[in-house]
Amino acid sequence: MKKQVIIDENNLKKIIREQLQLILSEGIDIQNTNNQRTISVTNKHQNYADTNDYNQPYMFVDTQRGYTVYSVFQRQETKDGITDSNPLLNVLKKRKGWEFANAKQDLTLLLRNFVSAIKLLPKYDTIIMTPSNNPLNQIVFNYLIRIIPHASSYTNFFEKYKALDVYENLIDENYINSQFDNPSKVYEHLDIAFGNMMKENGGIFSYKFLQKSQYRDVIIQSMKVNIGADDDLNYDEEINGKNVLIFDDTVTSGKTISDSGNAIYEMFAPKSLTFITLFTALNKEDSNQQKVDNIIWEL
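Note that the coordinates shown come from a computational prediction; the quantities given were computed from them, not determined experimentally.

(A) Broad picture of the side chain of Asp-259. You can see Asp-259 is positioned in helix H9 (residues 255-267). With sequence-adjacent residues up to four places away left out, Asp-259 is seen in contact with Tyr-207, Ile-220, Gln-221, Ser-222 and Met-223.

Structure, rendered in structure tokens:
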């Protein structure tokens, strides 16, 4: 006699919702030849990136260096040697020759899915942008502060340290000597990286000049709260006891997230501190990233 399987209404709805997400969620197609490097947003698969879904929006939640991070799009690990979904990020940042196959159509789809997912977030007291010279950050931040209810927002809350200050005072030599088999090689790389920051980045520190992500951990801190030369910027009322949301474009090693979070906790006592990014960290097999479609907590 066959055993009957009974599924209650709630579980049935959950199964249907999960199957709809598998069908409707969108990824990207890649054309990578000598003469053409383009991507197209598609709803046929989720290869290279999960670009969310307008009808069934969700976000990805992860923990990076002790901080909760919500992301709109997910960078996927691939095994075909093309890359890990960086083409989409490269297109949006206008670098390395990547372009949209149909810019108007693809951007419309991405923006539609982005807005739909962002609306899942609750109200915050203060929204802050991490320092960046890339116009993409400012564009995304402008959308965030239009969509998410908040009382105040800042684009100049943080200030990056000068490269020379980091080089002389904020490199953890004990970490280098204890964690690397060849410390001399690390110092050699740092010398070159900081030299390039002086030449190409106006003397301002930037993690992008450190070619290996593990080298980021040798930097103790990369930014501080911008309080002005005469302490004329006072954020106490906007941060202390408040629910604060910090935006960054993508997660690489999580070091920028911890640097900005630690800089706040050095000076303030927020009620909560949450991060929102456009892209997740690379979704590997051991990743703790989870999809959530209902973000509700006591604020």
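What follows continues from the structure just given.
(B) The arrangement of the nonpolar core in detail. Membership of the largest hydrophobic core comes to 37 residues, with the highest contact counts inside it found for Met-59, Leu-88, Ile-118, Leu-121, Leu-144 and Ile-276. Residue contacts for Leu-121: discarding those within four places in its chain leaves Met-59, Tyr-70, Ile-148, Leu-245, Ile-276 and Ile-295.

(C) Highlighting the environment of Ser-116. Within the element layout of this structure, Ser-116 appears in helix H3 (residues 103-118). What makes Ser-116 buried here is its relative accessible area of 13%. Distance from Ser-116 to Pro-57, taken between C-alpha atoms, is 6.0 Å for residues 59 residues apart in sequence. Residues contacting Ser-116, with those up to four places away along its chain left out, are Asp-53, Tyr-54 and Pro-57.

(D) Representation of the pattern of salt bridges in the model. Considering all chains together, one arrives at four salt bridges under this definition. The closest approach of N and O atoms between Asp-50 and Lys-291, which form a salt bridge, is 3.5 Å. Placement of Asp-50 in strand S3 (residues 49-50) and of Lys-291 in strand S13 (residues 290-292) is noted, with a sequence separation of 241 residues between them. The salt bridge involving Asp-259 is made with Lys-255; its shortest N-O contact spans 2.8 Å. Highlighted residues: Asp-259 and Lys-255, both in helix H9, separated by four residues, approximately one helical turn. The exposure classification of Asp-259 matches that of Lys-255, with both residues buried.

Rules of the game
Residues numbered from 1 in each chain as written. Predicted model: local features only at pLDDT ≥ 70, side-chain atom pairs only at ≥ 80, totals over all residues. Heavy atoms only, no water. Helix = DSSP H or I, 4+ residues; strand = E, 2+ residues; numbered from the N terminus. Contact = heavy atoms within 4.5 Å. Core = buried A, V, L, I, M, F, W, Y, C linked by side-chain atoms within 4.5 Å. Buried < 20%, exposed > 50% of the residue type's maximum accessible area, 1.4 Å probe, protein only. Salt bridge = Lys/Arg side-chain N within 4 Å of Asp/Glu carboxyl O.

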